[in-house]
Each structure stands twice: as C-alpha cells, then as structure tokens.
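Read off the chains here:
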Amino acid sequence: MQLLNFTSILLLSPLLLPAPAAPRQGLSTPAASITIDYPENGSIFPPDMEPPTFLWRAPSASTTNWHIEVLFADGTRRPVTTPVGEPMTLGPIDPRCVSATNRPPALTPQQAASHTWKPDPELWAALKQQSIEKPATITIAGYSRGVPVSRGSVQILTSRDPVGAPIFYRDVPLMPSETQKGVIKPIEPKLVPLIAWRLRYLDEPASRVVLEGMHTCANCHSFSRDGKTIGLDLDGPHNDKGLYAIVPVEPQSTIRTADVISWKKFRNQMEPGKRIGFMSQVSPDGRYVATATEVQYYVANFTDYRFLQVFYPTRGILAWFNRATGQVKALPGADDPSFVQASAVWSPDGKYLVFLRAPAAESYPPGVPPATFANDPNEIPIRYDLYRIPFNNGAGGAPEPIRGASQNGMSNSFPKVSPDGRWIVFVKSRNGQLMRPDGQLYIVPSSGGEARRMRCNTALMNSWHSFSPNGRWMVFSSKSRSPYTQMFLTHIDAEGNDSPPILIENSTASNRAVNIPEFANIPKGGLLHIDAPAAEFYRLYDLAYELTEKGQIDAATAEWKRALALDPSDARARNNLGGIFLKQGRLPEAAAEFRKALSAKPDLAEARSNLALILLQTGQFAEAGRLFQELLAADPTSMEALVNLGGVYLMQGDYAAAVRTLREARRLEPDRQPVLGNLAWLLATCPDATVRNGAEAVTLAERAAELTHRADPVILDTLGAAYAEAGRFADAISAAEQAIALSATRNDPSLTAALKARLARYRAGQPYHESR
C-alpha cells in the first residue's frame, strides 16, 4: 500500500450539483454496496483535528455522479452540495529523496479505483459537534444518469477528549545504503541533512519543520511530562553513538555542546561493537535519564527500502544519569550481564521502570549467514519479555515479569505506560523489536493480566507509539498504506478500549517516512525552532580531523578555528589544534592551546602529555616533571609518561631517578625497544659511576639490537657503548663499525662523524664516558 497525502486531492467547485432523480425523501436503496475503506465504521475523532479524507470504491464503473448525506443522531439530515468523488491521488514528491535504491509511491489497483471526499470546514465543525457520544452516519450513493446504482454508509463519532498536544516526529528519506556488518547505517552520511524534525498540531492542516539540515544523525527522543525538557540521542565526531543532549524546551531552543553528555563516562566504555546509550528516556520530572549501556546489538541493513534495516540489542544493562550530579550508574536488579536489559520507560510518577529482558545472545555467531530481509530466518533469534523494576532513587530492586507481556512465545517490546499508570501498550512480534512487519499493538494492565490485541492495528507494522498527555489518545506508526511510514491515531478510554485507526494526513511528502512520533506537552508557540550548533560543531570537527589526517595542515587549521569559534571550550579540538602547532614548531602557540584544553578538561591526558613535551623541549624541567607525574598518578602503566619522566630526570642530572623510572617502564613492557635502548644508553654512558652498569647495559642493548634485526645505527651505537663499558672492546669496535656502515647509507654525516669518534676511543681501549 502507498502513502496518501491529501494536500491537493480535492479540487472543489462552487457549482451546485444538479438534483438527482432520486431519492426525494432521503436516499433510496441502491442496487449494489459501496465499500467505504476509510474511515472505518466506529472510528472516533478528536474534537481538535482537521477533517479526514473519505475513501470508497464502487462496484460499478458506470457511476456519473455521487451524492453524500450526513444523518445526525437527532434525525437531522445534511446533504453535501459540493462536487464529490474525485479520484484518489498521491501528494507531492520530494525530489531530493528519489534514488536508485527506492521507488516513488504509486497507487495500488484498489487505491486507483477509490473516490474521495473531504468535508468542508463548516460541515466538519457541525459533524464534530453533533456526533459526540452518538454517531453520525455518512451515506454515499452513486448515480448513473439519475438512477441510483450503489450505496454505502459509515458511522463515526467525536470524542469529548481533545488531543491537547502536538506530535514531535522525525521525517526521513528511505534511501538504503550498502550494508556494513554491525553498523546501523540506514542512510548514507551525506544524506543525513535531509532528515527533518517536525511538530504537528492536529487542528492545523500541516506540520512545521523545527529542525533540519544537521550533518550528524539525531535519533530517539523523549520529553519530560511537563514538556519543558527534551532528551535526544545525538551522534558525535567519528560517528560517536555515545552522546545525548538534554535541552530545555523553549520557542527558540538550542542544542549546544554544553547540553551534551557522554555515556562513555560509564565504566570508561571504549569497546568497539558496543553501543553506549540506547533508547534513552527522560524521567517524568526531568531529573534523570534512563538508558541501556554496555549494549551489543544485532543489526542488518537491507537494500529493500520498504524495510531497510533491523536492529535490536542482544546484551546490555540499564543505567541512569543524574542531571544534578552528572553521574551515571548501573541500576541494581537490571544490571545482570547474563541478560539483555534495555528500552526502559518510566511510570508516570517516576517510581518504577518497565523494560525488556531476555537471555543474552551472541550478535553474530560463526556460521550464521547474514539476514537479507526483515524477518529473515537468519536473523539472530531473540524474544523479549517485559519486566518492571522499582527505581527507588537509583537503588533499583527486584525485577518482576509483567504477566501477559512475558513468556507468551512471542517477542514483547517497546512498552509505553499510560499517563494514569493503569495500562501498558507494547509491541508483540515473532522476533526482535521495532519496525517489525508483523508487529502488533497489545494493551495489558500495568500490574499484569490479560493482554488484548488493540482494535487500531493495521495490516502491516504497528510500532513507535506514544500516549497523549491526557492519556486518551495514542499515536503510532504503520506501513499499512505505504512503505513510506505514516502516523495514525486511536482513542483509548478509561478501560483501555481503543478505536479504529485514524490517518494523520499531510505529515510529509509522499516519498518520505514518518517515525518516532511522540506527543509532547507543549503549548502552541512553545517550540518554533531548534538550532543545533552542537551538530555543526561535530561536522566541523570531523572535517578538520579528516584534513589533519590527510596532511592538509592550512585547511585543517582553518576548520579547527571555525569549530572552536562555535565552542571555545572544547578540549579535544583545542588539543588537536595545538598538535598542529607543535608539528609546525610553533611551540608557544601550541603550549597555549594545550593549557586551554586542560583548563576546559583537566583529565585530558593527551593535552597534559603534549604540554609536558613542550616544556621538556624548552628546558622547563620542573613543570614538565610535575605533569608527567600527574599522568602517572592517573595511569601508572603509561609508558610514554614513564619514558618522558626518565628524560626529565636525565636532563636534571638525577641519573639514579632516571634509571629507576626506565627500569619500571621495562618491567611493564620488557621488550619495548625505545625503553631498552634508552636505559641501555644511560647505564653505559652515565657520568655517575654509581649508576653505570656495563653488564646490564649489554643485556638490554643486545635485546634491542635483536628486536631491530641489527639494522638501526642508533641501537648499534648504544650496543657499542655498552660493550665498551663492560670492557668488551672488540665487540664494541664491531658494533661501531656496523653502525657507521648503516649511517653512511642513510646520508647522516653528523651521526657518522660521532660514531667514528667513538670508534677511535674503543680502539684505544677507552669507554664512552671517559670522552665526556
């Protein structure tokens, strides 16, 4: 089925229809039945919604005109006097989203045979007013030259419950890219700016774009219950999936880098293949964020644009972020690594979480071919159960399975708790979660019980649902009418009974898809635009980094400066710009950038190390030594810090400390060639006789020479000095001669001259240190 966009379907004429030959008293009984495809009988509309477009099909092609009549519950009849029955058409196409990997929407044979009618504003207002609690009947009759040939009726209702809030959703192109194992990549990076975020008030004819043109991908989002805070997954530099923005909702909202947190703070996660922060949710009061972390997931990208990807977690634990303290902690009771625990949502009072759980699985077991389509039997099988767990101010508790949404032979996922706390709506499918072709919506008491299949389900994919703030309406996504996903609405009463699906028309272009719809408690005018300088900063960061890697230093310097103009406090960008200055020999400028980086992020080891190296080079040994010691306090195994601290001691004349430091480095990595060489040279050539140790120097230098295959003249020079200190002058002469031969081939006259001078001393039976 294809997406319908009814923006330009109806071309009404002010001319009145000629009165049909019949009926005179109402509509006479026709010869055949009309099939009214939409809205379904018993559909319930909100009082604050634009009129729908009725769709019907006639059994006879001989119909020349149509007559519509509205019958209200009080017996009043209201004929439609404007032309009706225009053929169904599709809405506008976004030409930017046309590609060789998708197809433009097209009418199905059933749709091509459909006729349409949209009530005018005056009639729709009357229809809504007079169909509260008691249905209005809309009768459609087809005529052929004044003779009735077909007839059909549908009854609809209007609820007293308004929707009362807009829907925030993502508007995306469906343009599959090449598959890449383990990488969520439904779209090429260059096409990411085509993604838009929209806000739709249902009493308005169209949505408004509030965010677009970002060069980094933004994903799942959530709002606090009062609509004053939004949380949004945001990809950072180098496709970093570990960032999350928490932003106050204002008419002109802004996502700054200062609003972005990194889930990598949790247990210092840096492992490849683990998603850090998955389907995060802001708490109702906006104080916390629940997320899944340490996540491994199964992902497959397909070339079929209709269902172009599948992804679901196979391992993971729940964690929570405290906005007041900036801390991320695991949630006890939902942190068992033998399970996958993910997709947590809050109860309305914030006292407990509902999440999915299943035994942990391997994402890509050997010998299993990759899936090539949605619900491919080669997908890694996983069936989730829904659990609830107390939040208990972060202390967690014992997880309990939700009866009716667990152990039912299906995969139960994507729970949403109703605002009154009575109900949970979730998706049931054969495998995995989200965007499943067979996904069906079920409702179950929040305390557990019988799960009921909802009336609103469509024929193909039902998911991404969200309750309105008053709890009486639910929006969800479906592909029943088109592979380009659309939004639908259903009414849910206090007893959990829902109504047939209502299409939210004109949500986007007919060749774009709607997903992640969520009701937000935002008044009109409360959110007009979202600016995202953080995303632009990440784009510039990636560009500058790429130019740096390519050696295009001038262009890279310009882009680093542009990025820092957006966020002067970003420590990594400061460090990277300082690194360019360091390579260019612009030491004062480099040192200034490294100091700014440390001021912004005192624990940035790279900036501390780089600054210490500059201080070492410029003779500021005391401060350099302090910085290297600070690095070792944070990481006692840092080889670079140990070796460089040894260099500081050497320059200060503290030879014993230098030897002690280098010996510690060798203990950590016995075969680290630079450590072997430096320590051997110091033991062989040190002016302090109490430090020199010829035998140890020989052992170290011989190992270094072995590791370099006796092909490094500097190492051979060290070996010669070690032999001389040990009194093995014949060996020292041989090593020096080999070093001279190698240095000559490298066209290094200064090294060759120094080696020849040392060779002369060895031939005279003098060790290196006597030449000092």
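In what follows, the accompanying structure is described. (Residues numbered from 1 in each chain as written. Predicted model: local features only at pLDDT ≥ 70, side-chain atom pairs only at ≥ 80, totals over all residues. Heavy atoms only, no water.)

1. Things to note about the side chain of N462
Here N462 shows up in strand β30 (residues 462-467). At 3.0 Å, the side chain of N462 forms a polar contact with the backbone oxygen of G439. A polar contact of 2.8 Å, which involves the side chain of N462, links it to the side chain of T458. If sequence neighbours within four positions are ignored, N462 has contacts with V427, G439, Q440, L441, N457, F476, S477 and S478. (Helix = DSSP H or I, 4+ residues; strand = E, 2+ residues; numbered from the N terminus. Polar contact = N/O pair within 3.5 Å; in protein donor to acceptor, adjacent residues only side chain to side chain. Contact = heavy atoms within 4.5 Å.)

2. With respect to the sheet that holds strand β12 (residues 208-212)
With respect to topology, four strands assemble into an open sheet ordered β12-β11-β10-β34, the strand pairing being antiparallel. The open sheet has two edge strands with one neighbour each: β12 and β34 (512-519). When the angles between neighbouring strand axes are averaged without regard to direction, this sheet yields 30°. Two elements, strand β11 (residues 196-200) and β12, share four bridges in a ladder whose sense is antiparallel. Bridge pairing links A196 to E212 in β12. (Pairing = 2+ DSSP bridges. Axes fitted to C-alpha atoms, helices over the stretch in contact; angles between N-to-C directions.)

3. Details of the nonpolar core
Grouped together as the largest cluster of nonpolar side chains are 222 residues, with contacts concentrated most on W56, W117, I138, F168, W197, I255 and L489. In terms of nonpolar packing, the next biggest core, distinct from the first, is built from 12 residues, W263, V289, I317 and A319 among them. (Core = buried A, V, L, I, M, F, W, Y, C linked by side-chain atoms within 4.5 Å. Buried < 20%, exposed > 50% of the residue type's maximum accessible area, 1.4 Å probe, protein only.)

4. So, the packing of helix α3 (residues 533-549) against helix α5 (residues 571-583)
The angle between the axes and the distance between the axes are what describe a pair of packed helices. Where α3 contacts α5, the axes come no closer than 11 Å and their chain directions differ by 25°. With respect to α5, the axis of α3 lies roughly parallel. Seen from above, α3 lies across α5 with left-handed handedness. Facing F537, Y541, Y545 and T548 of α3, the residues of α5 in contact are R572, A573, N576 and I580. Class assignment for the residues of the contact of α3 with α5 results in five nonpolar, two polar and one charged. (Parallel < 35°, antiparallel > 145°, perpendicular 65-115°, else oblique. Left-handed = near helix turned anticlockwise from the far one by under 90°. Nonpolar A, V, L, I, M, F, W, Y, C, P; charged D, E, K, R; others polar.)

5. Examining the pairing of strand β31 (residues 473-478)
Counting buried positions along β31 yields six of six residues, so the element is predominantly enclosed. Burial of the side chains of β31 extends over both faces: W473, V475 and S477 are buried on one face and M474, F476 and S478 on the other. In this sheet, β31 lies alongside β30 in antiparallel orientation, the contact comprising four bridges. What sits directly across from F467, in β31, is M474.

6. Topic: the packing of helix α9 (residues 639-652) against helix α10 (residues 655-668)
Contact geometry for α9 and α10: axes closest at 7 Å, N-to-C directions at 165°. Put simply, α9 runs roughly antiparallel to α10. Note that α9 runs across α10; the crossing there is left-handed. Two secondary-structure elements touch here, α9 through M639, L642, V643, L645, G646, Y649 and L650 and α10 through Y655, A657, A658, T661, L662, E664, A665 and L668. Grouping the constituent residues of the contact of α9 with α10 by class yields 12 nonpolar, two polar and one charged.

7. Some words on helix α14 (residues 729-745)
The terminal C-alpha atoms of α14, which comprises 17 residues, lie 25 Å apart, in line with the 24 Å expected from a rise of 1.5 Å per residue. Those residues of α14 that fall on the buried side of the exposure criterion are A732, I733, A735, A736, A739, I740 and S743. Down the axis of α14, the sector holding all buried residues measures 165°, keeping them to one side. Opposite the packed face of α14, turned more than 90 degrees from it, sit the exposed residues A730 and T745. (Expected span 1.5 Å × (residues − 1). Arc of directions from axis to C-beta.)

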